[in-house]
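Commentary on secondary and tertiary structure
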Amino acid sequence: MQASAYFDNDAYHHAVDKLEAISRTFEPAAPDDLRTRIIEVLGNLGIWPADCLEQQHLTTPRLVDFDDREAA
């Protein structure tokens, strides 16, 4: 468990209001939508899991034309 984090009062209460609205409009037939909406609220506060931090060090693979002459 990490140390506590404190947020601006307005941002915190806005996030709580959004989470409350999400819970009031929860549609059991669309659980993925619920998770996505909660992640958006947390992301707006700057709360992300540690594995997102680790991903920034990986190289993004790209499709490129390979020229055999350059390899020789």
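Procedures and definitions
Residues numbered from 1 in each chain as written. Predicted model: local features only at pLDDT ≥ 70, side-chain atom pairs only at ≥ 80, totals over all residues. Heavy atoms only, no water. Helix = DSSP H or I, 4+ residues; strand = E, 2+ residues; numbered from the N terminus. Buried < 20%, exposed > 50% of the residue type's maximum accessible area, 1.4 Å probe, protein only. Areas by Shrake-Rupley, 256 points an atom, 1.4 Å probe, with all protein chains shown as cover. Expected span 1.5 Å × (residues − 1). Polar contact = N/O pair within 3.5 Å; in protein donor to acceptor, adjacent residues only side chain to side chain. Axes fitted to C-alpha atoms, helices over the stretch in contact; angles between N-to-C directions. Parallel < 35°, antiparallel > 145°, perpendicular 65-115°, else oblique. Contact = heavy atoms within 4.5 Å. Nonpolar A, V, L, I, M, F, W, Y, C, P; charged D, E, K, R; others polar. Salt bridge = Lys/Arg side-chain N within 4 Å of Asp/Glu carboxyl O.

**Things to note about the overall build of the protein**
Each helix and strand counted, the protein has 4 helices and 0 strands in total. Along the chain direction, N to C, the helices and strands of the protein fall in the order α-α-α-α. A total of 72 residues make up the protein; the buried ones form 7% of that total. Surface accessibility of the protein: about 7,000 Å² in total, with carbon and sulfur atoms responsible for 54%.

**Concerning helix α1 (residues 9-24)**
Compared with the 22 Å implied by 1.5 Å per residue over 16 residues, the 23 Å span of α1 between its first and last C-alpha is a close match. Looking at where α1 begins, the residue whose side-chain oxygen comes 3.2 Å from the main-chain nitrogen of aspartate 10 is aspartate 8.

**A word on the packing of α1 against helix α2 (residues 31-45)**
Interhelical geometry of α1 versus α2 gives an angle of 175° and a closest axis separation of 10 Å. Taken together, the axis directions place α1 and α2 in an arrangement best described as roughly antiparallel. Contact residues: α1 offers Ala11, Tyr12, Ala15, Lys18, Leu19, Ala21 and Ile22, while α2 offers Leu34, Arg37, Ile38, Val41, Asn44 and Leu45. When its residues are assigned to classes, the contact of α1 with α2 shows 10 nonpolar, 1 polar and 2 charged.

**Some details on α2**
Over its 15 residues, α2 runs 22 Å from end to end, which matches the ideal 21 Å to within 8%, given 1.5 Å per residue. By the burial criterion, the buried members of α2 are Val41, Gly43 and Leu45. Tucked into the core, α2 has its buried residues touching α1. Glycine 46, located one to two residues past α2, shows a positive phi value of around 85°.

**Side note on the pattern of salt bridges**
When the charged atoms of two side chains with opposite charge come close together, those side chains can pair. Taken as a whole and judged by the stated rule, the model has 2 salt bridges. Between arginine 24 and glutamate 20 there is a salt bridge, with the nearest N and O atoms lying 2.7 Å from each other. Of this pair, arginine 24 and glutamate 20 are both found in helix α1, 4 residues apart, which corresponds to roughly one turn of the helix. For glutamate 20, a relative accessible area of 35% corresponds to the partly exposed category. Across the pair arginine 37 and aspartate 33 runs a salt bridge whose closest N-O atoms are separated by 3.8 Å. Taken together, the residues span about one helical turn, with arginine 37 and aspartate 33 both in helix α2 at a distance of 4 residues. Exposure remark for arginine 37: the relative accessible area of 26% places this residue in the partly exposed category. Look at aspartate 33 and you get partly exposed, because its relative accessible area is 41%.

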